[in-house]
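Spelled out from the first residue to the last, the chains are:
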Amino acid sequence: LLENSTASCAESTTTKGEWKALLIASAGVRCRCEMGFLFFMQVINGVEVDASKVKLTVQISSEHDELRKLVQGSRLDGIPTPPTQDILDQMLEALAAWNHLEPLLHFASEPHSSLPSGHLARTVRLREDFEHRMDSVLHLIEKAQ
């Protein structure tokens, strides 16, 4: 019933193409967060508010979906599941950071007269935290290839 195998648990079967797809998808998530924050800042500063709110809403939804694909993998999009535990752990931390940031961005896309005091500062801190975690993901992927 048991099969002897020389394969190690740490041995990765991830192909070069899969590593590339994972790196591109991760970098895309990182860049789209910057775009979402740009739309957030446009709303805050009264620049093309209606259009920026729509773009921000779409960006938030897209970002959440893309993060889920990174964590779970997506055969349809050619994104492998995270090949190492370290990469998965960092992706989960990035997802947790996004889950804290997302409601603050979403709040800005809703109709109201003004944001609560401290909203901008908190959003900036959470955005920096998310981007730092995504930078760690990218670093681990580059290192592991």
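Residues numbered from 1 in each chain as written. Predicted model: local features only at pLDDT ≥ 70, side-chain atom pairs only at ≥ 80, totals over all residues. Heavy atoms only, no water.

Brief notes about the overall build of the protein chain
Within the protein chain one finds 4 helices and 0 strands. Start at the N end of the protein chain and walk to the C end: the helices and strands fall as α-α-α-α. Within the protein chain, the proportion of its 145 residues that are buried is 37%. Long-range pairs, those at least 24 residues apart, make up 72% of the contacts in the protein chain between residues at least 6 apart in sequence. Roughly 8,800 Å² of accessible area belongs to the protein chain as shown, and the carbon and sulfur atoms make up 54% of that amount. (Helix = DSSP H or I, 4+ residues; strand = E, 2+ residues; numbered from the N terminus. Buried < 20%, exposed > 50% of the residue type's maximum accessible area, 1.4 Å probe, protein only. Contact = heavy atoms within 4.5 Å. Areas by Shrake-Rupley, 256 points an atom, 1.4 Å probe, with all protein chains shown as cover.)

Focus: the environment of Ala121
Looking at the secondary structure, you find Ala121 in helix α4 (residues 119-144). Sequence spacing of Ala121 and Leu101 is 20 residues, and the spatial spacing of their C-alpha atoms is 12 Å.

Comments concerning the confidence of the model for the protein chain
When pLDDT is averaged along the protein chain, the result is 88; 91% of the residues meet or exceed 70. Confidence over residues 1-11 falls short of pLDDT 50; this stretch has 0 contacts with residues more than four positions distant or in other chains. (pLDDT = per-residue confidence, 0-100.)

Considering the packing of aromatic side chains
Throughout the structure, instances matching the rule amount to 2 aromatic pairs. For Arg127, the ring lying beneath its charged end belongs to Phe37, and the centroid distance is 4.3 Å. (Phe/Tyr/Trp six-rings, centres within 6.5 Å; stacked < 30°, edge-to-face > 60°. Lys NZ or Arg CZ within 6 Å of the ring centre and 35° of its normal.)

Digging into the nonpolar core
The biggest cluster of nonpolar side chains holds 31 residues, and the ones touching the most others in it are Leu67, Leu70, Met91, Trp98, Phe130 and Met134. Contributing elements (two or more residues each) for this core: α1 (16-44), α2 (49-72), α3 (85-109) and α4. Not counting the four nearest positions on each side in its chain, Phe130 is found in contact with Val29, Cys33, Glu63, Leu67, Ala94, Ala97, Trp98 and Leu101. (Core = buried A, V, L, I, M, F, W, Y, C linked by side-chain atoms within 4.5 Å.)

Re the side chain of Glu63
With respect to the element layout, Glu63 can be found in helix α2. Beyond its immediate sequence surroundings of up to four residues, Glu63 is in contact with Val29, Arg32, Cys33, Trp98 and Phe130.

As for unusual backbone geometry
For Glu48, which is not glycine, the phi torsion reads 45 degrees and is therefore positive. Along the chain, Glu48 falls in the loop between α1 and α2.

Things to note about α2
Along its 24 residues, α2 runs 34 Å from first to last C-alpha, staying within 8% of the 34 Å computed at 1.5 Å per residue. Taken together, the buried positions of α2 are occupied by Ser52, Lys53, Leu56, Gln59, Ile60, Glu63, His64, Glu66, Leu67, Leu70 and Val71. On its buried face, α2 is in contact with α1, α3 and α4. Remark: Gly73 follows α2 within two positions and exhibits a positive phi of approximately 80 degrees. (Expected span 1.5 Å × (residues − 1).)

A word on the packing of α3 against α4
Following both chains from N to C, one finds α3 and α4 inclined at 155 degrees, their axes separated by 9 Å at the closest point. Relative to α4, α3 is oriented roughly antiparallel. Relative to α4, the crossing made by α3 is left-handed. Counted by class, the contact of α3 with α4 contains 16 nonpolar, 5 polar and 6 charged residues. (Axes fitted to C-alpha atoms, helices over the stretch in contact; angles between N-to-C directions. Parallel < 35°, antiparallel > 145°, perpendicular 65-115°, else oblique. Left-handed = near helix turned anticlockwise from the far one by under 90°. Nonpolar A, V, L, I, M, F, W, Y, C, P; charged D, E, K, R; others polar.)

Brief notes about the packing of α1 against α2
To characterise two packed helices, one gives the angle between the axes of the helices and the distance between these axes. Where α1 meets α2, the closest approach of the two axes is 9 Å, and the angle between their N-to-C directions is 155 degrees. Relative to α2, the element α1 is oriented roughly antiparallel. For the crossing formed where α1 meets α2, the hand is left-handed. Where α1 approaches α2, its residues Leu22, Ala25, Ser26, Val29, Arg32, Cys33, Met35, Gly36, Phe39, Phe40, Gln42 and Val43 are matched on the opposing element by Val49, Ser52, Lys53, Lys55, Leu56, Gln59, Ser62, Glu63, Glu66, Leu67 and Leu70. Of the residues belonging to the contact of α1 with α2, the class tally is 12 nonpolar, 6 polar and 5 charged.

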